[in-house]
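# Secondary and tertiary structure notes
So the chains spell out like this:
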Amino acid sequence: QIMKMQALRDSSTSNYMVSKKTMEINPTHGVVRNLKAKADSDANDKTVKDLVLLLHETALLTSGFSLEDPTSYAERIPRMIALGLGVDDEDDDVVETTVDTTAAEDEGESKMEEVD
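These remarks concern the structure in this document. (Residues numbered from 1 in each chain as written. Predicted model: local features only at pLDDT ≥ 70, side-chain atom pairs only at ≥ 80, totals over all residues. Heavy atoms only, no water.)

Inspection of the secondary structure puts Val-48 in helix H4 (residues 46-62). Among residues more than four places away in sequence, those in contact with Val-48 are Leu-35, Lys-38 and Ala-39. (Helix = DSSP H or I, 4+ residues; strand = E, 2+ residues; numbered from the N terminus. Contact = heavy atoms within 4.5 Å.)

Turning our eyes to something else, we now look at the nonpolar core. Residues Leu-54, Leu-60, Leu-67, Tyr-73 and Met-80 constitute the largest nonpolar core, which totals five residues. Broken down by secondary-structure element, the contributors of at least two residues to this core are H4 and helix H5 (70-85). Not counting chain neighbours up to four residues away, the residues in contact with Leu-60 comprise Lys-21, Phe-65 and Leu-67. (Core = buried A, V, L, I, M, F, W, Y, C linked by side-chain atoms within 4.5 Å. Buried < 20%, exposed > 50% of the residue type's maximum accessible area, 1.4 Å probe, protein only.)

This part takes up the packing of helix H3 (residues 30-41) against H4. Contact geometry of H3 with H4 gives a least axis separation of 10 Å together with a crossing angle of 145°. Here H3 runs over H4; the crossing is left-handed. Touching Leu-35, Lys-38 and Ala-39 of H3 are Val-48, Leu-51, Val-52 and Leu-55, all from H4. Taken together, the residues that form the contact of H3 with H4 break down as six nonpolar, no polar and one charged. (Axes fitted to C-alpha atoms, helices over the stretch in contact; angles between N-to-C directions. Left-handed = near helix turned anticlockwise from the far one by under 90°. Nonpolar A, V, L, I, M, F, W, Y, C, P; charged D, E, K, R; others polar.)

Next up on the list: the packing of H4 against H5. At their nearest, the axes of H4 and H5 sit 10 Å apart, and the two run at 125° to each other. As summarised for this structure, H4 and H5 are arranged oblique, according to the angle between their axes. Note that H4 runs across H5; the crossing there is left-handed. Facing Thr-47, Asp-50, Leu-51, Leu-53, Leu-54, Glu-57, Thr-58 and Leu-61 of H4, the residues of H5 in contact are Ser-72, Tyr-73, Arg-76, Ile-77, Arg-79, Met-80 and Leu-83. (Parallel < 35°, antiparallel > 145°, perpendicular 65-115°, else oblique.)

Okay, H5 next. For an α-helix the count is 3.6 residues per turn, leaving residues at separations of three or four pointing the same way. The end-to-end C-alpha distance of H5 is 23 Å, a good match for the 22 Å that 16 residues give at a rise of 1.5 Å each. Within the span of H5, buried status applies to Ser-72, Tyr-73, Arg-76, Met-80 and Ala-82. (Expected span 1.5 Å × (residues − 1).)

All told, the structure shown has four salt bridges when counted by the stated rule. Residue Asp-50 pairs with Arg-76 through a salt bridge whose shortest N-O separation is 3.4 Å. With a gap of 26 residues between them, Asp-50 in helix H4 and Arg-76 in helix H5 connect regions that are remote in the sequence. The shortest N-O distance in the salt bridge between Glu-57 and Arg-76 comes to 2.5 Å. Of the two residues, Glu-57 sits in helix H4 while Arg-76 sits in helix H5, which places them 19 residues apart along the sequence. Both residues of the pair, Glu-57 and Arg-76, count as buried. Look at the salt bridges and you will find they share partners, linking Asp-50, Glu-57, Arg-76 and Arg-79 into a network. (Salt bridge = Lys/Arg side-chain N within 4 Å of Asp/Glu carboxyl O.)

Written out as structure tokens, the structure is:
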């Protein structure tokens, strides 16, 4: 019977099997209150939108769900770090995507030689 149900099922029967995403927000938390105050003062503030999306997507990841657009999440992280550090957004070229490992390896070898 189970195999027959799986073979003949339609898309509407699988909808009830998909887990619903529910995000509970504590309205008295300081972060939520500050976000609401900033959103009320300027509804078009990109920073507030980024922070809310970051909060939502982080909750999704923490709960074991996957993101629809992980690239936008990854691009949002450096902007929020810059905001937290008070760095100007116009310095987009500050973060480099490549890491020079040869200098670190050379330094590690020289320390090992000193120990011997």
